[in-house]
Each structure stands twice: as C-alpha cells, then as structure tokens.
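Structural overview for review
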Amino acid sequence: MNIALIAHDKKKDDIVKLATAYKDVLAKHRLFATGTTGGRIIDATGLDIHRFKSGPLGGDQQIGAYISDNKIDMVCFLRDPLTPQAHEPDISALLRLCDVYEIPLATNMSSAEMLLRGLDAGFLDWRNVAKESDRDELNF
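Residues numbered from 1 in each chain as written. Predicted model: local features only at pLDDT ≥ 70, side-chain atom pairs only at ≥ 80, totals over all residues. Heavy atoms only, no water.

1. Remarks on helix α3 (residues 35-45)
Those residues of α3 that fall on the buried side of the exposure criterion are Gly 35, Thr 37, Gly 38, Gly 39, Ile 41 and Thr 45. On the buried face of α3, the contacting elements are β1 (2-7), α1 (12-21), α2 (23-26), β2 (30-33) and β3 (49-51). One or two steps after α3, the chain reaches Gly 46, where phi turns positive at roughly 75°. (Buried < 20%, exposed > 50% of the residue type's maximum accessible area, 1.4 Å probe, protein only. Helix = DSSP H or I, 4+ residues; strand = E, 2+ residues; numbered from the N terminus. Contact = heavy atoms within 4.5 Å.)

Pasting the structure below:
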C-alpha cells in the first residue's frame, strides 16, 4: 500500500509519535509525505519516505495528483482545526480528492490509529482488488 503522511505545524509532534508507535506497520508499505513532516518522521524513525514539497509550497497538491492517479491508498493528515492555514484551498482539494477516489482518510490521531490497525489486520486489502480491476478495465 502507498500511504501519505501529512501534518500541520502544531500536529507534527503527534505524527512523529504515531509513526514511531506504528513503525513496524508503516515499514511494510511505501510512504509519502510532505517535506517537513517527512523529514521529521525520517529523523525519528529511519523509515524510507518519499518527500514532496512542504504543504504551503505545493506538497498537498502533489499528493492530490498521486491520489487522482491511483498512486495513494491511504492518507493520514493530522490537521490543526484551530489555526487558519494560508493554503486552505489546497487542503480542501486534497480532502475532496480522498472522497472522490474512495481513499481512506484520517484527520486526527485516533482515526489514524484505527486506519493503521485496520491496515495491519488486512482490512484495506480491497484497495489492491480495486487497483487490479482498474488495470483490467484499461487493458480491455
């Protein structure tokens, strides 16, 4: 599975804690993150993460493009709902794409933990079936 990890500034410590706690689960998958968040997780865990630009510089849009190309299977985006974000339209677009493409999305620590536990238990294996179905349709 391809997993995107994103966190607003005030949630970066939380996503590092999450990645540390679920390092063994995350290590089994391909990881993607916005720039600063990815760097913080790499420093704390040593996990291999493809880093996009930081969110305000286009990283959210880069992840959104991957979602629309069926290259992301799950998103953990720890949002700070109490602080205005200069790039709020990009964030809204990313969340919308998750809904459009049926991508499991966690926006807080408890939902992220549920998704990661479900991932480890095999509850997201339907994404692999969906990808195979998409490939079959493209090949006719």
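2. Thoughts on the packing of aromatic side chains
Overall, the coordinates contain three aromatic pairs when judged by the stated rule. Taken together, the ring pairs in this structure connect Phe 32, Phe 52 and Tyr 66 into an aromatic cluster. Of note, Lys 71 hangs over the ring of Tyr 66, and the distance from its end group to the ring centre comes to 5.1 Å. (Phe/Tyr/Trp six-rings, centres within 6.5 Å; stacked < 30°, edge-to-face > 60°. Lys NZ or Arg CZ within 6 Å of the ring centre and 35° of its normal.)

3. Remarks on the packing of helix α4 (residues 59-68) against helix α5 (residues 88-100)
Across the interface, α4 lies against α5 with an axial gap of 9 Å and an inter-helix angle of 15°. By the angle between their axes, α4 is roughly parallel relative to α5. Every pair of crossing elements has a handedness; the one defined by α4 and α5 is left-handed. Residue-level contacts link Asp 60, Gln 61, Ile 63, Gly 64 and Ile 67 of α4 to Asp 90, Ile 91, Leu 94, Leu 97 and Cys 98 of α5. Split by residue class, the contact of α4 with α5 holds six nonpolar, two polar and two charged. (Axes fitted to C-alpha atoms, helices over the stretch in contact; angles between N-to-C directions. Parallel < 35°, antiparallel > 145°, perpendicular 65-115°, else oblique. Left-handed = near helix turned anticlockwise from the far one by under 90°. Nonpolar A, V, L, I, M, F, W, Y, C, P; charged D, E, K, R; others polar.)

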